[in-house]
Every structure is written in structure tokens, then in C-alpha cells.
Amino acid sequence: MSSSDEPLLEVENLRTEFRTDRGTVKAADGVSFSIERGETYGVVGESGAGKTVTGLSVIGLIDNPGQIVGGEIRYKGRDLRTLSQEELRSIRGDEIAMIFQDPMTALNPAYTVGTQIIDTILTHNDCSKSEARERTIKLLEDVGIPDPEERVDSYPHQFSGGMRQRALIAMALSCDPDLIIADEPTTALDVTIQAQILDLLDDLQEKHGLSIQLITHDMGLVAEMCDRVSVMYAGKKIEEGPVGEIFSSPKHPYTVGLMNAVPRLNDPRERLEAIPGNMPDLIDNPSGCSFRPRCEYATEECKQIEPPLEPAGAGGAHTSACLKLDEIDFDTSIVPDRTTDETPVEGTNFGEPIIEADGLQKYFDPENQSWFEKYLGDRDYVHAVEDVSLTVHRGETLGIVGESGCGKSTLGRVLLRLYEPDEGTIVYSGDDITEMGRSELRNLRSEVQMVFQDPFSSLNPQKTVLDIIGRPLEVHDQVANSEEKRERVVELLEDVGMSERHLNRYPHEFSGGQKQRIGIARALAVEPDFIVADEPVSALDVSVQAKIINMLDDLQEKYDLTYLFIAHDLNVVQHISDHIGVMYLGEIVEFGTVQQVFEPPYHPYTEILLSSIPKHHPDVDEERIDPDGELPSAIHPPSGCRFHTRCPQAMPECETKNPEQRTIDGNHEISCHLFDSDGNPTDEYETTIDVSAKSQMVDPGEPQ
Amino acid sequence: MVYGKIVSFARNGFHDGSQFHLAYKRFRSHRLGVIGLVIVIGYLFFAIAGPIIVPRDPTAMDSASRLAGPSMAHPFGTDHYGRDVFTRTVVGARASLQVAVLSVGFATIAGVTFGLVSGFFRGYVDEAIMRAVDVMLAFPSILLALVVIAILGPGLNRTILALGIAYTPLMLRITRGSALSVREEEYVTAAVAYGERSWNVMFKEMFPNLFPTVIVQATITFAFAILVEAALSYLGLSAQPPTVTWGIMISEGQEVLTVNPWMSIFPGLAIIVTVLGLTFLGIGLRDSLDAQEDGTIGGGFQ
């Protein structure tokens, strides 16, 4: 049948199209690649590049109005496109399995996790139900689900996000596939959980001799996991090669742009290198090179000729589709890391405090509590924010990081009194805003503003840009008539890099990045002093993310703004912040300048967060510390130090005694029993990671 | 005042590229919806202009031709007093329209207002409103209507009031459901964050996004109101003769059903066609406005 030296999967000139009202979308336009046995093959690119479509095409899951219109997909020598539905079904799951992005929706809530895996096994294997059940238990054990014998009968909602993804991996493994297509398998998960899942995939690959096609937008994941990688842009593969080579000497301007756009720990903390423009609409792709409109090296020639993939670099394994391959000096176009002797400016000379919060507390009612229990039974609370005190100085950016569910968004909203705090005081420029009445509060709203995470939900779909940005101006009587409002809105649009012609459009006509710009313009409309930015870039592609971060920087300078920047991405936070607060289950466990927080000594939780970040170059060798398990419930938080259940360095006293806040040096504060009252680490304290080693890039000039 | 703003919203809502413009385009190619719209327009035309355009007086008796079947002179035949059934059917549309428009209008205004308040403020306010709704929903709407009529006595205006009250919890509950999910959208928080008054947040930010759900539910409820009005006047609990309603016509025809079934068949057909037309229109609106299909639509006789 198949000889062992031929690739497991060969895709040749795949063309997948979607017919829409507006025209034909060429989602995959002549994509070719092959995956060897036991290899992890990465497909990386921004949203809309055609990565997912490529993956779905392989297992024939393209639905109407989509259609594979050309090319060959050879799996173990058989062309999958010529197989009948019946034959294809026997290959799906049995030989090729898929792991999807969102573990929350990929499991059917009506069946137990076990039933769903057992059914998969029974579909493809001739075995009894009890054998299938035994196998399922074994699989759940393999993917690291505790007490698999009991958990096999649990329903998906009883599993956390990380456990669901594990269960999905178990399901994918259930029939011993040879190839797993993993489509953004960790995007919906927190970094600490992501690290655990990646380790798991790594182990399983070794154990079962799997091939993995990893589809992702995150260059860090590629560096961490893959052997070879292809970079996709506008439905085409534009560069492919061994991971080491791609990272050390990328040979396509887009790949270089992508790598430069990602903020890194220890990057020079200047402006991020953003790629100008947006990915073209896949309906009318420009002629010639599709990256041409955004490429600084583009010439007339690029307009005429569609660049073919040509060998770049020695060995022939590295190919790139760029006409200027020999002309561009790619080595100098990569932004180098900050060298270690360059110390960033210490963030100490900021203005007077603008926000001083003391002992903030915010409890919520748990969602599943009925009103009967609420008023008559024992009341439970979600302890979202527990005794947080912090000070933000005028002109600075305070970053708040933590896993989802740690209370960072709640904290941001409590500070603006969008949620009423249950305890504590918030002093804004000398006035206690927790005491304010309605009209005072309304006046305050012109001085403090908020930028939201989800550009799709933060703009009212029924209003035009003019009304969205102009409304705050009307509310605060800052414009006298509609003419003035219009002028002011145009000014604001220009501030955020948009223009007058966008005035009368509706939100759905804009891209994610543009929507986020409109959201920022709305926040700026009332000329605030203090802005809470709640994950403003986490829903955006890296190249767009870089532009928005740069813009936030510029606006801060121009209008003397103070930011509270909430994010889960440490790279982004360190890039924009002056001070950082690390939150865990409603408490700030470490606080200090960026340098203090990112250099030892750390709080053990900070250390884990830092070590969970995917490395940004495949040659970096590093150890990762995994926390035990996942974020505990905030309804019954652990006693003593809340982190003790997951802390690798937990001591007996951590379980009973809540650690006091210790001042390490200057304003660097850590709440942990590993530090004595003078702020010195005790003998038990040990640290294993060094951020500088992690992010040190291999000198691009040196061959490996 | 607030509803004046809805008018300005409706004007703005039809800009090119707006959600409503897109919905309009979708509706145009929705066959069932367009059929429904044509029927409803016909119904509205007869209900409004009917008494003016009909050739005869609906109460004029003609003892020469009583209980006649359809003919050229009397396309729908005549009743036991020799009155023209066609004329009476056309004129009868008005009473049902009057009841349906006013009762559904009342239910929509009250339901949307309380539903928005409930969904926006949540907590205790929501708890109080919803418990009241639970009590009202514990009775079938027709029973509720009968109770109101039993207290106030029969009559067209009392039917309107009774149905208005009976349908309010339905409109309220569906508005609140959507309001709760829209409340979670970040643009609502954004409006609170830039200091918008609660009332404006509810009606300017949230309402336009609930509009599809509300209009679909109102259309379907409208159909039920016509049915229930017919049922009540059939029972003699709504308008009293000489007012002409479809329900009264059917009940009168019932006595002579074996002699001249046409007397009941034509008003019955009028009810069926109108209710179907409204239902089709509702389906068309739902599909083109992309309102939630959560099964909450319909159910007037719970």
C-alpha cells in the first residue's frame, strides 16, 4: 500500500472557494504542503489567511457554500477527494482526528464526556461497550484527568475549560489516529493551562508517534511545538521551512513583519513595528503578490507577477514566495532584543496620585443560585475582588495581569464605579467617588473612561459612527449643535487614524482593528484623564495589535492620559506598562515596576505566569514550571494563601495563614510567606527561571 | 416622548447599510413573508376604509332575500334578516382591528417598558416585576380576559383592556429576556460609563437592538388578539349588536347553520385568512430580522 518513506499527508495545489453574494472567496488558493510521520507541522497566519479552511479541507469538512474546487489531498497515498462519504467517514476520527478551538462548544452538553468518547470508539472499532468504556477511562487517565473512573460519567459543564480540552484530546486519540489536526487548540485557554495542554500534546506525540498539524496565529506556539512551519497570507502559502530557520532568518517581508509585531519580554519598549494596512479581501485579491499593498519593498514588478515559492537558504527545505528574495537584507529588518546593559527608564517620576483605592471588595451572587436560596437560605458569594488597594499616578500606565476569572475586569469596573464596591474607598483626584451622588457621578464620567475588550460587542450595531462617538459629547453638553458635534467627531476619528468618510457607516462595516479605534475615539471624546482599558488588544491579530498599542502610546503622550491596562498577555502588559499588578483570585499578589516584577525575586505565581509564556525562538532552551491544576472557584476560595493549592513551593503555614504584604525594595510588594518581614527571601525560596535567558534571541547572523 | 425617539430611530434605521436596510432586502425575497404582508395590507385596507367603500349599509335588512346563498347581488349571501354578509364581513374587520391594535399596542408599550426596566436594573427590581408576571402568567390569557369582563361587564373597550392586560406579561417576558442578553453587551456598559441616563440607555442603546424581537412578538400576538376577540364576541362577551364583528356573525350563523352555512363560513374564512396572513408576516419578519428562535413566539392561549 504505502511505503514508509512517503509523507503521511500530501496536499497539492488545494483550492477551496466559498460562493457568497458578493463574489467568490478564495479561502485557500493553491496551497501545497506535506506532513511527515511523527512531525509537528505548523500553519501560522492572521485571521482570514485561510489556515482553518486548509485544515477542514483535508478531512472534507467544508460545508456549503464552500467547495473544494481543485487540487489533490493524498493521505497514505490515497486521494481523499476521490473517496466516497462512507470511506471518508471511516478515515475521519479513525486515521485523522481534529481538535477544535473552543472546548466550551465542542462537547455536546446533553451527554456525559465518557459517552461521547465511547461512541467515537464504537463507531470505528468492533468492540464491546465495556471494552470501549475501559479504553475511555485509560484515555482520560492518559490526558491527565484526575479520577478518570469517576469523571468518565461527568457532564461537560462539570469540567473546566482545560479539562474539556483534555477530554477532546482524549476523544481525538480514541481511535489511534496517525494525524491530528489541531485548530488553535489553546487560544481559548489561559497561559498556564495552555502550557499544560502543550506539554500534554508533546508527550502524546512521542508516545503514539503522531503527526500533528498545528494551526495557530501565535508565533510563540510555533516556536514551542513545531518542526516545520508554513506561513499563510490571503489564502496562499508564502513561506515554509524548518522552524529554526524561519525564526532565525525569515525570508519573506510578511513573516518578518509578523515577528516584529509581537511584543516580547525584554523588547526595546519603543514603538512596535506594525505592518501597515490590512489583509486584502479574499474576493478581489490584488494581482501579482497579495502582500504587495502592505510591503515596503514592493515595486512595479510585484504588481505584475505572482511570486512562486522558491528555495531560500541552504538545504532547499526553506522556501519563500517573494520576488525580492535576493534583494532584501532580511537580517537587518528583524528588530533585535534589548541588550541587557540597557536599563529602561525607572517609572518613578510620575505626577500626583490620580486614583487611590483602599480595601476594595466586590462580591457577586453566584449565577446558579435561585432567589429562594439567595434570600432565605445560606448565601454564597463569588469573591471577585478581595481587599485590593492600589494607587495610580497621573501620566503612568498601570498594568493588571492574571488568568481569566481572577477579578481583573471586575476591579477595573469597580474603580470607575460601574460596579458598586461592597467595601473600600476609591479616591479620584482627592474626591471619594464611592460617596458620590448621581449627578456628581455623571460629571465624573467625563473624566474617567473605559475601552473594552470585544470590538464586536462594544459598539451599538444600530448606530452610526457619528452617533457612537458623538453621544458622550451630547451627554456632557460639550457641543452646542450638530455641526459642532460633527467637527469634533471628525477630529477624534483623525486622532485614532480614521477619517471623515467613516462618519455615517455602521459598526459591521469595519474590521476588528477599526472597531477598536472607534471604541477608543468614543472613550477620548469627553477628554478624560483616566482610562481603564480592559483587554483592548486581546481580540485582535498581532499586526493590528501592534498598531493599537502604538496608538495608545501616542495618545497617552498627546493628551497626558493615565491608563489602567488590564490584560492576560504578559508580553503586551510589560510593553505598555510602567507598573504592574499581578492578580490572583481577587487579590494583588505582586506589585512593582515592570523591571521589579519581571526579575527575581518573584511571587511564585508570577514566576509560573512568566514561565508559561511560549518562548519566542525555537532554539531557546528553558524549563517550565507548571502550576498544579486550575484556578479554584472564587465562591469558596482556598483558606490561608489563596495560591497554596497550586503553588509548587507551598508550605504548611500557607494553608492556614493569609500572607502579609511584604515590601521587597522601594515599592516592590509581594504577598507571600517565602519572604520575611524585611522583605528578604527566606531559605525556602528558590527561583528557577530567568526571563532574560527566555527571551534572548539567537543572533540572526549566526547559523545553527 | 420616548416613543417620539423611536420615530427618529426608524428614520435613521433605514440608512444604507443599516441592519434594517439589510433586513428589508432579506424580507423582499421571503415569499411567505411577502404573502403575509399582502394579506395584512388587504386586511388593514378593508378594516380602515371598509365602511366607506361598501355599497350597502351592513344593518340594512332585506326581508325579500333572507338566508340566501352566494349570488351576484350578494357574493357571500345574506343572513336571517336579509343583511348582506359580504358587507358585514368587510365592516366586521374594523372591530377586530380596533381590539387588536389597541390591546397589542397597550401590551407592547407596557411590556417593553417594564421588560427594559427589569432587564436593565436586574436584581430586586427584576425580581419584583418577574414575580408579578409569574402570577399573571399562572392564568391562561383568555381566562384573565374573562375575569376582567366578568368584573367590568362586556363591551368592546373592556375587551381591549382585558386583552391588553392579558398580553402584557408575554411582551414583558420576551423583552426582558432579550434585554438581559443585550445588557451584557459592552456598548451598554460603555453608555453607562460615559454618563448616559438610565432611561436613555434603555431606550436609545438597548431598545433598537430589541426591536426585532419585539416587532415579531407583537405581530404574532396581534394574530392571537384577533382570534381571542372573535372568541369573546362569539360568546357575547365583547361588542354587542348592532356592532358588527366576525365573532357575532359566526354565533348568529350558528343558529341557522344547517339552512345557510355561508353565514358562518365567510366570517370564519376572514378570521383564518387574517390570522394566517399575520402569522406569515411574523415568520417573514423573524427570518429577515434574525430574531431569536427560542420558541417564545406564539402561545397566546397558554
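Residues numbered from 1 in each chain as written. Chains lettered and ligands numbered in written order. Predicted model: local features only at pLDDT ≥ 70, side-chain atom pairs only at ≥ 80, totals over all residues. Heavy atoms only, no water.

A closer look at the overall build of chain A
A tally of helices and strands in chain A yields 23 helices and 24 strands. Against the globule reference of 27 Å for 704 residues, chain A gives a C-alpha radius of gyration of 27 Å, in line with a compact fold. Its C-alpha atoms put chain A at 80 × 65 × 55 Å along the principal axes. Across the 704 residues in chain A, those meeting the buried criterion constitute 57%. Total accessible area computed for chain A in this model is approximately 29100 Å², and 44% of it derives from carbon and sulfur atoms. Put simply, chain A has 61 plus and 128 minus side-chain charges, and the middle of one group is 8 Å from the middle of the other. (Helix = DSSP H or I, 4+ residues; strand = E, 2+ residues; numbered from the N terminus. Rg over C-alpha atoms; globule rule 2.2 N^0.38 Å. Buried < 20%, exposed > 50% of the residue type's maximum accessible area, 1.4 Å probe, protein only. Areas by Shrake-Rupley, 256 points an atom, 1.4 Å probe, with all protein chains shown as cover. Lys, Arg positive; Asp, Glu negative; His and termini not counted. Charge placed at Lys NZ, Arg CZ, Asp CG, Glu CD.)

What to know about the UniProt feature "domain: ABC transmembrane type-1" (unreviewed entry) in chain B
UniProt tags residues 93-282 of chain B as "domain: ABC transmembrane type-1" (unreviewed entry). With 84% helix and 0% strand, residues 93-282 of chain B has end C-alpha atoms that lie 20 Å from one another. (UniProt positions renumbered as here; feature names shortened; annotations may be inferred.)

Focus: the interface of chain A and chain B
The partner chain B presents 27 residues to the 27 residues of chain A that form the contact. Among the residues chain A hides against chain B, the three largest losses belong to Gln 462, Arg 471 and Tyr 506 of chain A. Together they make up 23% of the total. The partner of Glu 196 of chain B in a salt bridge is Arg 471 of chain A, with the nearest N and O atoms 2.6 Å apart. Our count for the contact surface shared by chain A and chain B stands at 13 residue pairs in polar contact (both at pLDDT 80 or more). (Contact = heavy atoms within 4.5 Å. Buried area = accessible area lost by both parts, 1.4 Å probe. Salt bridge = Lys/Arg side-chain N within 4 Å of Asp/Glu carboxyl O. Polar contact = N/O pair within 3.5 Å; in protein donor to acceptor, adjacent residues only side chain to side chain.)

Examining the pairing of strand β21 (residues 579-584) of chain A
Residues and elements named next belong to chain A. Taking burial as the measure, the 6 residues of β21 include 6 buried ones, the bulk of the element. Of the two faces of β21, the one holding His 579, Gly 581 and Met 583 and the one holding Ile 580, Val 582 and Tyr 584 are both buried throughout. For β21 and strand β22 (residues 587-593), the ladder comprises 6 bridges, and the chain directions are antiparallel. Bridging from a neighbouring strand, Val 582 pairs with Glu 590 of β22. Turn length for the β21-β22 hairpin, with the two strands adjacent in sequence and antiparallel, is 2 residues, and the turn residue Leu 585 shows positive phi of about 45 degrees. (Pairing = 2+ DSSP bridges.)

Considerations on a negative patch on the surface
There is a patch of like negative charges on the surface, built from Glu 141, Asp 147, Glu 149 and Glu 150 of chain A. With respect to the helices and strands, Asp 147 of chain A occurs in the loop between α4 (129-142) and α5 (148-151). (Patch = residues over 30% accessible without salt bridge, like charges linked within 9 Å, V, L, I, M, F, W, Y side chains within 5 Å.)

Section: a nonpolar patch on the surface
Residue and element names in this part refer to chain B. On the surface, Val 135, Phe 139, Leu 143, Leu 146, Val 147, Ile 151, Leu 152 and Leu 161 cluster together to form a nonpolar patch covering roughly 700 Å² of accessible area. Looking at the nonpolar patch element by element, the count peaks at 5 residues for helix α6 (residues 141-152). Looking at the element boundaries, Leu 146 is found in helix α6. Leu 146 gets classed as partly exposed once you look at its relative accessible area, which sits at 30%.

Some thoughts on the nonpolar core
Core analysis: the biggest nonpolar cluster contains 92 residues, and Leu 9, Val 58, Ile 96, Ile 169 and Tyr 254 of chain A have the highest contact counts within it. Here the element with the most residues in this core is helix α6 (residues 161-173) of chain A; it accounts for 8 residues. Apart from the residues within four sequence positions on either side, Leu 9 of chain A is in contact with Phe 33, Ser 34, Ile 35, Val 58, Ile 73, Arg 74, Tyr 75 and Leu 179 of chain A. Listed in part, the 74 residues of the second largest apolar core include Ala 23, Ile 149, Ala 223 and Phe 266 of chain B. (Core = buried A, V, L, I, M, F, W, Y, C linked by side-chain atoms within 4.5 Å.)

Side note on the packing of aromatic side chains
Residues and elements named next belong to chain B. Scanning all chains against the criterion turns up 17 aromatic pairs over all chains. Centre to centre, the rings of Tyr 43 and Trp 246 are 6.2 Å apart; their planes meet at 50 degrees, and the pair counts as tilted. In this pair, Tyr 43 is assigned in helix α3 (residues 31-53) and Trp 246 in helix α10 (residues 246-254), connecting sequence segments 203 residues apart. For the pair Tyr 43 and Trp 246, one class covers both residues: buried. Ring centres of Phe 76 and Phe 266 lie 3.9 Å apart, and the angle between their planes is 5 degrees; this geometry places the pair in the stacked category. You can see Phe 76 sitting in the loop between α3 and α4 (85-121) and its partner Phe 266 sitting in helix α11 (residues 262-289), a full 190 residues away along the chain. The pair formed by Phe 76 and Phe 266 is uniform in burial state, with each residue classed as buried. Clustering of aromatic rings is evident, with ring pairs tying together Phe 76, Phe 86, Trp 262 and Phe 266. The positively charged end of Arg 183 is found above the aromatic ring belonging to Phe 120, 4.5 Å away from the centroid. (Phe/Tyr/Trp six-rings, centres within 6.5 Å; stacked < 30°, edge-to-face > 60°. Lys NZ or Arg CZ within 6 Å of the ring centre and 35° of its normal.)

Details of the UniProt feature "transmembrane region" (unreviewed entry) in chain B
Listed under "transmembrane region" (unreviewed entry) in the UniProt record, and renumbered for this structure, are residues 32-54, 99-121, 133-153, 210-237 and 265-285 of chain B. Secondary structure content for residues 210-237 of chain B is 89% helix and 0% strand, and the end C-alpha separation is 35 Å.

A look at the pattern of salt bridges
All names here are of chain A. Inspection of the entire model under this criterion finds 40 salt bridges over all chains. Note that Asp 29 and Lys 236 form a salt bridge whose closest N and O atoms lie 3.4 Å from each other. With Asp 29 in strand β2 (residues 23-35) and Lys 236 in strand β10 (residues 236-242), this residue pair connects regions lying 207 residues apart in the sequence. Considered together, Asp 29 and Lys 236 belong to a single accessibility category, that of buried residues.

Digging into unusual backbone geometry
In the segment running from Pro 241 of chain B into Pro 242 of chain B, the intervening peptide bond is cis, with an omega of 15 degrees. A positive phi angle, near 50 degrees, is found at Lys 76 of chain A, a position not held by glycine. Within the element layout of this structure, Lys 76 of chain A appears in the loop between β4 (66-75) and β5 (78-79). We classify Lys 76 of chain A as buried; its relative accessible area is 17%.

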